[in-house]
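Architecture and fold: a report
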Amino acid sequence: MTRARLTELRDALEREGWRIEGEFGADELFYVERDRIVWQLSRGDARERLDFVLFAALGGPTERLADLAHVDAQPSGQRLYFDKIRSAQWRENLPAFVRALG
């Protein structure tokens, strides 16, 4: 289900006019390296970097999407926690996070 939440986030960002590229190219949006996924966003002159943070159960290194915990946006400082996809928190926090980037 983590891929589904990432896809929902990507779709919400694109609806708001953001262009998204993974750290290693547009086709690498789900690529994990050193406990992180990185997306570069651009919309006109605006730029944001999304750093997705993954945590293994005991805090060790992980490359499993299922271990995705949250995403931090820079430079805006916004944070989105990856709650369950059907939860009220996710349904409320996802659009609020996307709006806050703009």
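Residues numbered from 1 in each chain as written. Predicted model: local features only at pLDDT ≥ 70, side-chain atom pairs only at ≥ 80, totals over all residues. Heavy atoms only, no water.

1. Here we look at the pairing of strand β4 (residues 68-74)
- Most of β4 is tucked away, with five of its seven residues classed as buried.
- In terms of strand pairing, strand β3 (residues 46-54) meets β4 through six bridges, oriented antiparallel. Counted as the bridge partner of Leu50 is Ala73 from β4.
- Where β4 and strand β5 (residues 79-81) come together, three bridges link them in antiparallel fashion. (Buried < 20%, exposed > 50% of the residue type's maximum accessible area, 1.4 Å probe, protein only. Helix = DSSP H or I, 4+ residues; strand = E, 2+ residues; numbered from the N terminus. Pairing = 2+ DSSP bridges.)

2. What about the sheet that holds β5?
- An order of β1-β2-β3-β4-β5 is seen for the five strands of this open sheet, with the pairing classed as antiparallel. Since the sheet does not close on itself, it has two edges, and those belong to β1 (19-22) and β5, each with one partner. Recorded for the sheet is a direction-independent mean angle of 20° between the axes of neighbouring strands.
- The strands touched by helix α1 (residues 2-15) within the sheet are β1, β2 (36-43), β3, β4 and β5, with β2 carrying the most contacts at an inclination of about 15°.
- Contacts between helix α2 (residues 88-101) and the sheet are confined to β2, β3, β4 and β5, with β5 contributing the most and set at about 160° to the helix. (Axes fitted to C-alpha atoms, helices over the stretch in contact; angles between N-to-C directions. Contact = heavy atoms within 4.5 Å.)

3. Digging into the pattern of salt bridges
- The final tally for this structure, using the stated rule, is seven salt bridges.
- Measuring nitrogen to oxygen at the nearest pair gives 3.2 Å for the salt bridge that ties Glu8 to Arg91. Taken together, the residues span a long stretch of sequence, with Glu8 in helix α1 and Arg91 in helix α2 at a distance of 83 residues.
- With a relative accessible area of 45%, Arg91 lands in the partly exposed category. (Salt bridge = Lys/Arg side-chain N within 4 Å of Asp/Glu carboxyl O.)

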